[in-house]
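Below, each chain spelled out in residue letters.
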Amino acid sequence: MNKPTNIDATSWEPTPNNLESFFMGFTPNAAFKKRPRLIARAQDMHYYDMKGRAILDGSAGLWCCNAGHCRQPIVDAIQKQAAELDFAPTFQYGHPKIFELANKLATLAPGDLNYAFFCNSGSEAADTAMKMALAYHRSRGEGQRQRFIGRERGYHGVGFGGISVGGMVANRKWFGNALAGVDHLPHTYNRKEQAFTKGEPDWGTHLADELERMVVLHDASTIAAVIVEPMAGSTGVLPPPKGYLKRLRELCDKHGILLIFDEVITAFGRLGHTFAAERFGVVPDLLTFAKGVTSGTVPMGGVMVRQHIYDQFQGGAEHVIELFHGYTYTGHPIAAAAALATIELYKEEKLYENVLALENTWADEAMSLKGHPLVEDIRTLGLVAAIDMKPVEGKPGLRAYKAMENGFHDHDILIRITGDTIALSPPLMITPAQIAEIFHKKIPAVLDSVMKL
Ligand SMILES: Cc1ncc(COP(=O)(O)O)c(C=O)c1O
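A quick note: this is a predicted structure, and the numbers were derived from the prediction, not measured.

Colleague: How should the nonpolar core be read in this particular structure?
Modeller: Note on soluble globular proteins: their nonpolar side chains tend to be buried together. Residues Ala-225 and Val-226 are the most contacted members of the largest nonpolar core, which totals 122 residues. If one sorts the elements of this core by residue count, helix α14 (residues 333-348) sits on top with 11 residues. Inspection of this core shows a minimum of three residues originating in each of domain 1 (37-67 + 350-449) and domain 2 (74-348). The residues contacting Val-226, other than those within four sequence positions of it, are Ile-149, Leu-211, Leu-248, Cys-252, Ile-257, Leu-259 and Ile-260.

Colleague: Looking at this model, I keep getting lost on helix α15 (residues 351-367). Mind explaining?
Modeller: The α-helix winds at 3.6 residues per turn, so residues separated by three or four positions along the chain end up facing the same way. The first and last C-alpha atoms of α15 sit 23 Å apart over 17 residues, in line with the 24 Å expected at 1.5 Å per residue. When we look at burial in α15, the residues that qualify are Leu-351, Tyr-352, Val-355, Trp-362, Ala-363, Glu-365 and Ala-366. As for α15, its buried residues are in contact with α14, β11 (375-381), β12 (384-389) and α17 (432-449).

Colleague: What exactly am I supposed to notice about the sheet that holds strand β10 (residues 301-306) here?
Modeller: Strand pairing in a sheet relies on backbone hydrogen bonds, with the paired strands running either antiparallel or parallel. Spatial strand order, β4-β10-β9-β8-β7-β5-β6: 7 strands in an open sheet with mixed pairing. Bordering the open sheet on either side are β4 (113-119) and β6 (182-185), each of which pairs with just one other strand. Averaged over all adjacent pairs, the angle separating strand axes in this sheet is 20°, with direction ignored. Judged from the 3 bridges that link them, strand β5 (residues 147-151) and strand β7 (residues 223-228) form a sheet pairing that is parallel. Bridge pairing in β7 links Phe-148 to Ala-225.

Colleague: Can you walk me through the packing of helix α5 (residues 96-108) against α14 in this structure?
Modeller: Angle between the axes and distance between the axes: these two values describe a pair of packed helices. α14 packs onto α5 with a crossing angle of 40° between their chain directions and a minimal axis gap of 9 Å. The angle between α5 and α14 places the two elements in the oblique class. The two elements α5 and α14 meet at a crossing, and its hand is left-handed. Contacts between α5 and α14 pair Lys-97, Ile-98, Glu-100, Leu-101 and Lys-104 from the former with Pro-333, Ala-336, Ala-337, Ala-339, Leu-340 and Ile-343 from the latter. Taken together, the residues of the contact of α5 with α14 sort by class into 8 nonpolar, no polar and 3 charged.

Colleague: Sorry if this is basic, but what is going on with unusual backbone geometry here?
Modeller: With the exception of glycine, most residues fall at negative phi, and the peptide bonds are largely trans. Of note in this structure, Cys-70 is not a glycine but carries a positive phi near 50°. Its place among the elements puts Cys-70 in the loop between α3 (60-63) and α4 (72-84). Cys-70 gets classed as partly exposed once you count the C-beta atoms within 10 Å, which come to 14. With a phi close to 75°, Asp-219 is a non-glycine residue in the positive phi region. Mapped onto the secondary structure, Asp-219 falls in the loop between α10 (210-218) and β7. The exposure class assigned to Asp-219 is partly exposed, which follows from the 13 C-beta atoms found within 10 Å.

Colleague: What should I look at first to understand the sheet that holds strand β2 (residues 46-48) in this one?
Modeller: In spatial order, the strands read β1-β2-β3-β13; together these 4 strands make up an open sheet with mixed pairing. For this open sheet the edge positions go to β1 (41-43) and β13 (413-414), each flanked by a neighbour on one side alone. Packed on one face of the sheet, α17 meets β3 (54-57) and β13 and runs near 110° to β3.

Colleague: Where do I start with the domain arrangement of the protein in this structure?
Modeller: Often, the extent of an interface is quoted as the loss of accessible area upon association of its parts. Once the domains are mapped, the protein shows domain 1 (37-67 + 350-449) and domain 2 (74-348). Once you take the C-alpha centre of each, domain 1 and domain 2 turn out to be 26 Å apart. Each partner contributes residues to the interface: domain 1 has 29 residues there, and domain 2 has 28 residues. Secondary-structure elements contributing two or more residues to the side of domain 1 that touches domain 2 are α3, α15, β11, β12 and β15 (421-424). Top element by residues in the side of domain 1 that touches domain 2 is α15. It accounts for 7 residues. Taken together, the residues of the side of domain 1 that touches domain 2 sort by class into 17 nonpolar, 8 polar and 4 charged.

Rules used in this analysis
Residues numbered from 1 in each chain as written. Predicted model: local features only at pLDDT ≥ 70, side-chain atom pairs only at ≥ 80, totals over all residues. Core = buried A, V, L, I, M, F, W, Y, C linked by C-beta atoms within 7 Å. Buried ≥ 20, exposed ≤ 12 C-beta atoms within 10 Å, placed from the backbone. Helix = DSSP H or I, 4+ residues; strand = E, 2+ residues; numbered from the N terminus. Domains from an automatic or database assignment. Contact = placed C-beta atoms within 7 Å. Expected span 1.5 Å × (residues − 1). Pairing = 2+ DSSP bridges. Axes fitted to C-alpha atoms, helices over the stretch in contact; angles between N-to-C directions. Parallel < 35°, antiparallel > 145°, perpendicular 65-115°, else oblique. Left-handed = near helix turned anticlockwise from the far one by under 90°. Nonpolar A, V, L, I, M, F, W, Y, C, P; charged D, E, K, R; others polar.

This is how it looks when you write it as structure tokens:
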């Protein structure tokens, strides 16, 4: 293509010329640019397109805008912070808000997850946790523990660490071998045993014991950490089998392996608690977060760290750095201000309590789609639902792609898709009436629109 011409920001219209230069990730570029889904503004539960049409946000943006959109207390905090302190380094310096935020998170986190490290995304958080695990073992004289155990159908972002332990083939196969010495637990989904389960399935707890098999295969002394999402989100919402996470914790303890929970999706209310670790009664050694910490307003991610891991890095000469890791924007003041205001809003509006209060209604309404000729399975947990659709023969992913297109253009709902699954995870301020609108009106209309493909 030629360089774009006649660019006039004051009268921006979605012409082919204006849409060309943005190389979009995780998007088929040509199809998008032919029929773009453009969002111009947002408020509370809704997005608005360029003509002002309201579109119900069925996925909290990308699982991140948990407090709803453009909430005034968060907007005010961001604006005030931008005018007061735009940036301050957190290598060798600091600023008050990031310490305030770290203390708040330590108070909210279960067990002795007493320390917070900050970065800018979930991918960075996953890679940070993995690096911490390696450095921790090395510092204890167990530097041979370099192997990571992820899980099939896991998603840990797009860094080289994250794609190595993740279990999504398309995210891995294009990018070489990435980290060596990684193995994967089996995923926990079995449609025959679990179809149409609300919450955690009864079947599948035994799959945690696969870790024992890996210990036999590799020897525990080579394994640094196991990393799992408490609920796999991006590969189609796979709630953990009952007791599965507790069993993983026991096995990790038995073999001196660190347990990392990737809570990028599950933290900040999605499952009714600040961290899903609390819901499941399991304290991991390292816990990653991002997305909901600022309700998606300003990029921020981080890792909660248990006391014994932090302590392991202490005790060297006073002027010597303990952890050779960090990002220019670690603890950015505007992200810190946004996070503090967001966490306060979650508390003030009792948004996590809203999730717990609505969880059964949400699950029941979602299950009302059982019996639709396209629906093969439905799974729910907290304020999350997944609807598996029958794929079009020979064209996997086509039905979901069309469902997303039609949802946006014709049925005023924004959804997230993966394979032929629709994933729903709206902002936590949702009302029972909006839940009914999703499952009785919008999603049925979307499903009917993709019946014949
Ligand atoms: C569990 C999990 N980890 C990591 C990530 C990556 O986060 P980011 O896109 O902010 O890098 C995601 C994103 O969806 C996620 O769901």
